[in-house]
Amino acid sequence: MANEIISVTGLTKQYMKKTVVDNVSFTIREGMICGLVGPNGAGKTTIMKMIGGLVIPTAGELSIFGEKSEEGLAHSRSRISFMIEIPYAKKEMSAVQNLEKIRLQKGIPDKGRIDEVLKLVGLENTGNKPVKNFSLGMKQRLGIAAAMMSKPEVMVLDEPVNGLDPEGIVEIRELLLKLNRDEHVTILISSHILSELSMLCTDYMFIRNGKLVETLSDEELRRCCHEYYHIHTDNDEALPAMLENKLGIKDFDVEKDGSVKLYERIDEMRLISKTMFENGIIPLEIHMQDANLEDYYMKLVGETDVQRDESADLSAEKK
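These numbers come from a predicted model, not from an experiment. (Residues numbered from 1 in each chain as written. Predicted model: local features only at pLDDT ≥ 70, side-chain atom pairs only at ≥ 80, totals over all residues. Heavy atoms only, no water.)

**Observations concerning the sheet that holds strand 9 (residues 211-217)**
Item 1. What the six strands build is an open sheet, ordered 5-6-7-3-8-9; its pairing is mixed. Two strands in the sheet have a free side with no partner beyond their single neighbour: strand 5 (80-83) and strand 9. Across the sheet, the mean angle separating the axes of adjacent strands is 15° when strand polarity is ignored.
Item 2. Where strand 3 (residues 33-37) and strand 8 (residues 203-208) come together, four bridges link them in parallel fashion. Bridge assignment links Val37 to a residue of strand 8, and that residue is Phe206. (Pairing = 2+ DSSP bridges. Helix = DSSP H or I, 4+ residues; strand = E, 2+ residues; numbered from the N terminus. Axes fitted to C-alpha atoms, helices over the stretch in contact; angles between N-to-C directions.)

**Details of the pattern of salt bridges**
Item 1. Overall, the coordinates contain 12 salt bridges when judged by the stated rule.
Item 2. Measuring nitrogen to oxygen at the nearest pair gives 3.3 Å for the salt bridge that ties Glu171 to Arg141. Placement of the pair is Glu171 in helix 6 (residues 166-182) and Arg141 in helix 5 (residues 136-148), with a sequence separation of 30 residues.
Item 3. In this structure, Asp182 engages Arg181 in a salt bridge whose closest nitrogen and oxygen atoms are separated by 3.0 Å.
Item 4. Residue Asp182 is classed as partly exposed on the basis of its relative accessible area, which comes to 39%.
Item 5. Judged by relative accessible area, Arg181 falls into the exposed class, the value being 52%. (Salt bridge = Lys/Arg side-chain N within 4 Å of Asp/Glu carboxyl O. Buried < 20%, exposed > 50% of the residue type's maximum accessible area, 1.4 Å probe, protein only.)

**A few points about the side chain of Arg141**
Item 1. A residue is classified by how much of its surface remains accessible, and Arg141, at 13% relative accessible area, is buried.
Item 2. A polar atom in the side chain of Arg141 sits 3.3 Å from the side chain of Glu171.
Item 3. The contacts of Arg141, once residues within four sequence positions are left out, are Val121, Gly122, Leu123, Glu171, Ile172 and Leu175. (Polar contact = N/O pair within 3.5 Å; in protein donor to acceptor, adjacent residues only side chain to side chain. Contact = heavy atoms within 4.5 Å.)

**What to know about the sheet that holds strand 1 (residues 4-15)**
Within a sheet, each strand pairs with its neighbour through backbone hydrogen bonds, oriented either parallel or antiparallel.
Item 1. Taken in spatial order, the three strands line up as 2-1-4 in an open sheet, and their pairing is antiparallel. The sheet is open, and its two edges are formed by strand 2 (18-29) and strand 4 (59-64), each paired on a single side. Along the sheet, successive strands turn relative to each other by an average axial angle of 15°, direction set aside.
Item 2. Across five bridges, strand 1 lies against strand 4 in antiparallel orientation. Within strand 4, the residue paired with Val8 across the bridge is Leu62.
Item 3. Contacts between helix 1 (residues 44-51) and the sheet are confined to strand 1, strand 2 and strand 4, with strand 2 contributing the most and set at about 60° to the helix.

**With respect to the environment of Arg265**
Item 1. Within the secondary structure, Arg265 sits in the loop between strand 12 (260-262) and helix 10 (269-278).
Item 2. Non-local contacts of Arg265, meaning those with residues more than four positions away in its chain, are made with Leu247, Ile249, Leu271 and Ile272.
Item 3. In terms of polar contacts, Arg265 uses its side chain to reach the backbone carbonyl oxygen of Leu247, at 2.5 Å.
Item 4. In this structure the side chain of Arg265 is engaged in a polar contact, spanning 3.0 Å, whose partner is the side chain of Glu268.

**Examining the nonpolar core**
Item 1. Counting 49 residues, the largest nonpolar core has Leu99, Ile144, Leu176, Ile189, Phe206 and Leu221 as its most contacted members.
Item 2. Top element by residues in this core is helix 5. It accounts for seven residues.
Item 3. If we skip the residues at most four places from it in the chain, Leu221 touches Leu194, Tyr204, Phe206, Leu216, Leu293 and Tyr296. (Core = buried A, V, L, I, M, F, W, Y, C linked by side-chain atoms within 4.5 Å.)

**Here we look at the packing of helix 9 (residues 239-247) against helix 10**
Item 1. For the pair helix 9 and helix 10, the least separation of the axes is 11 Å and the interaxial angle reads 110°. Taken together, helix 9 and helix 10 sit at an angle that is classed as roughly perpendicular. Judged by the sense of rotation from one axis to the other, the crossing of helix 9 with helix 10 is right-handed. In this structure, helix 9 uses Leu239, Met242, Leu243, Lys246 and Leu247 to contact helix 10, whose residues at the interface are Leu271, Ile272, Thr275 and Met276.
Item 2. When its residues are assigned to classes, the contact of helix 9 with helix 10 shows seven nonpolar, one polar and one charged. (Parallel < 35°, antiparallel > 145°, perpendicular 65-115°, else oblique. Left-handed = near helix turned anticlockwise from the far one by under 90°. Nonpolar A, V, L, I, M, F, W, Y, C, P; charged D, E, K, R; others polar.)

**Here we look at the environment of Ser94**
Item 1. Position of Ser94 among the secondary structure elements: in the loop between strand 5 and helix 3 (95-106).
Item 2. With a relative accessible area of 2%, Ser94 lands in the buried category.
Item 3. Residues Ser94 and Pro57, spaced 37 residues apart in sequence, show a C-alpha to C-alpha distance of 37 Å.
Item 4. Residues within four places of Ser94 in sequence aside, it is in contact with Gly127, Asn128, Lys129, Pro130 and Val131.

As structure tokens, then:
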């Protein structure tokens, strides 16, 4: 099993009497691209800020690279790059000038690192063009370049595709996949739109009203959203053996109540029903389920986005 990178247990954040993150627990392992998915204001940014040390948890335990003490967490965070909210850059300066400023601030001795990260993100030919003339996608890529300057093992990215057009979303997705594949960077990325992450992530965490409501691998998510027939009979115990032995069907799940989710040969339901009758199994209920990604997302997080400004909650803490 891959090494554990970030682990949170019972992580909770309250502002005054309002709980914005409520007893959240999860683990991120080396090599993952983990999507934190939920409506605006669900608590995603606050979770990332607690991981980054920008917000102090009210309760719970945080471990990064196995470190739990304040000193250990501070050291471990040096191995992570954070891009939370809007990437900052001097608008009158070029990409190279902005990255040179970051290099000096972080004490990075290798000046050649600037050219490396600009090539990684596809901004190597921007020359002296000021950032104010960059497209939104270019600005996001510059933010990722800035996060890559210190050669992080992990990147924590808060809504990096927010506001981008479809072409920009594809650019950022391909860049992150490249960083994960070629640079071996583990990634935690948030979004309020599941479809934006669906071709990127290896794992998903769904959050609603500050609570973690579901964790799934990409394979499990695809299975949840796969078209299938739900079958309930008068002899559910005999159904799996019949499907395998009489029809050679193996792609199905047996539910807790004994009913079956059938994913294979769903266009041959007449034959399957006929075979059940011939083997003394009487269908009591057969219906098709077809949940797409967004349907599944809405089922988990609800139909009403919680439009709460988490930065305002942070301001309340400082008062």
